[in-house]
Amino acid sequence: MKFTKASPLRGELSIPGDKSISHRSIMFGSLAKGTTEITNFLQGADCLSTIACFEKMGIGIENNGDSVIVHGNGLFGLKKPDTILDCGNSGTTTRLISGILAAQDFDVTLTGDDSIKKRPMKRIMDPLSHMGADIRSLEGNGCAPLAITGKKLYGIHYTSKVASAQVKSAILLAGLYADGETKVTEPYVSRNHSEIMLKYFGADVSAEGTTAAIRPAKELYGNRIVVPGDISSAAFFIAAGLLVPGSEILLKHVGINPTRDGILSVCRDMGADITLLNKNTDSGEPTADILIKSSTLHGTEIGGSIIPTLIDELPVIAAMACFAEGETVIRDAGELKVKESNRIEVMVRNLSAMGADVTETEDGMIIRGGRPLHGAVIDSKLDHRIAMTFAVAGLCAEGETEIKGAECVNISYPGFYQDLERLGR
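These numbers come from a predicted model, not from an experiment.

A. Highlighting helix α9 (residues 314-322). Counting buried residues along α9, nine of its nine residues qualify, which places the element largely inside the surrounding structure. Taken as a whole, α9 has its buried residues at Leu314, Pro315, Val316, Ile317, Ala318, Ala319, Met320, Ala321 and Cys322.

B. Structural detail: the sheet that holds strand β22 (residues 364-368). Spatial ordering of the open sheet is given by β19-β20-β22-β21, a layout of four strands whose pairing is mixed. Two strands lie at the open edges of the sheet, namely β19 (301-302) and β21 (357-361), each paired on one side alone. Against the sheet, α9 touches β19, β20 (327-330) and β22, its axis set at about 20° to β22. Sheet strands touched by helix α10 (residues 343-353): β21 and β22. Its angle to β21, the strand with the most contacts, is close to 160°.

C. Geometry of the pairing of β22. Sheet topology note: the β20/β22 ladder contains four bridges and is antiparallel. Looking at β22, one finds that Glu327 is bridged to Arg368. Between the antiparallel neighbours β21 and β22 lie two residues.

D. Local environment of the pattern of salt bridges. This model, assessed by the stated rule, comprises 25 salt bridges. A salt bridge links Arg331 to Asp332, with the shortest nitrogen-to-oxygen separation between them at 2.9 Å. Among the residues examined, Asp332 registers a relative accessible area of 36% and is labelled partly exposed. With a shortest N-O distance of 3.2 Å, Glu345 and Arg349 are connected by a salt bridge. Pair noted here: Glu345 and Arg349 are both in helix α10, with a separation of four residues, about one helical turn. Residues joined by salt bridges that share partners form a network here, namely Arg119, Arg191, Asp312, Lys339, Glu340, Arg343, Asp383 and Arg385.

Analysis parameters
- Residues numbered from 1 in each chain as written.
- Predicted model: local features only at pLDDT ≥ 70, side-chain atom pairs only at ≥ 80, totals over all residues.
- Heavy atoms only, no water.
- Buried < 20%, exposed > 50% of the residue type's maximum accessible area, 1.4 Å probe, protein only.
- Helix = DSSP H or I, 4+ residues; strand = E, 2+ residues; numbered from the N terminus.
- Pairing = 2+ DSSP bridges.
- Contact = heavy atoms within 4.5 Å.
- Axes fitted to C-alpha atoms, helices over the stretch in contact; angles between N-to-C directions.
- Salt bridge = Lys/Arg side-chain N within 4 Å of Asp/Glu carboxyl O.

Okay, structure coming up:
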């Protein structure tokens, strides 16, 4: 894909369904008794990997496009798959499903694409093993493929070194099957979509401070889920609306869960003109329409407890910082190194190629904004967040920006380029 400087972006947009919530709605619906109807499900490659895995374990799933119907078999209704379960590019699928499979009465092997085979799985293997799980890395490197043999599990209180919703969720899902209460304490509160939705399905879940707890369940019950627009996908249109002069964009029904809305706080800290309209709550998740108007931005400092609330948005925030006056410092973001790519290294290299003044640090980057950027050839490393970030940067840079591997946006936002083009008309 190639991008050049844009004229004002104007219009309304409905953002595709939240990826995290779409994953969980399939998983929890499969474990529930009865039918779960999901509206605004994200038809991205990652979420389709989750559907494929549960279909292979005997779950009937009707995918009708915008809506998905899951015919759950109950908490103990999964069947041994005939083949290896392929999680594709999805870390959420790989890590969360491991917590479920650890307690089943069969053995299974999980694998994924080349990216998944490099992402750290010891962070879930260790706590699940403490619960009694039999989970092994077949290559012995702490990564997929993973061989899991279902065992009787025991409740534990696990203190996690990282604030990770995937780690927390894997443990809580295993805790559904454990013989006593299971607790997870994090350094900061990570995304709480699992806790909200598990409670919605009838699980005994609680949270206090940075600790989430679950008691073993006898049954979960099917439900109706309205998936809000994904704020991680909305982030690219928020950035584009702020940066392209004369722009005004209304994003409809976007999730503003407090464990996910850090980008809104950072944008306001940078001087952004952002208004939340029509606040609402569906399926326990808060939503709003987000009105964005082009703004003059200034640098800020980003670190500490806000990082887990915007970890996926940091690449586009870094791009925004290049067009802001003054210095922006991003710290405490070492988790970016173990995403679909090493996002710190990839962002610094590509932003530098466009003429940005940016320095890599051990756990983030320092961006000295205000210098005009020029087009460049960008290697996305097949990372969807990187490709979308540089599509936005290309709209604000002089000359032409070309993105290699641009099709990787299908992982989370198949219609991204079309929506961006429509706003430009």
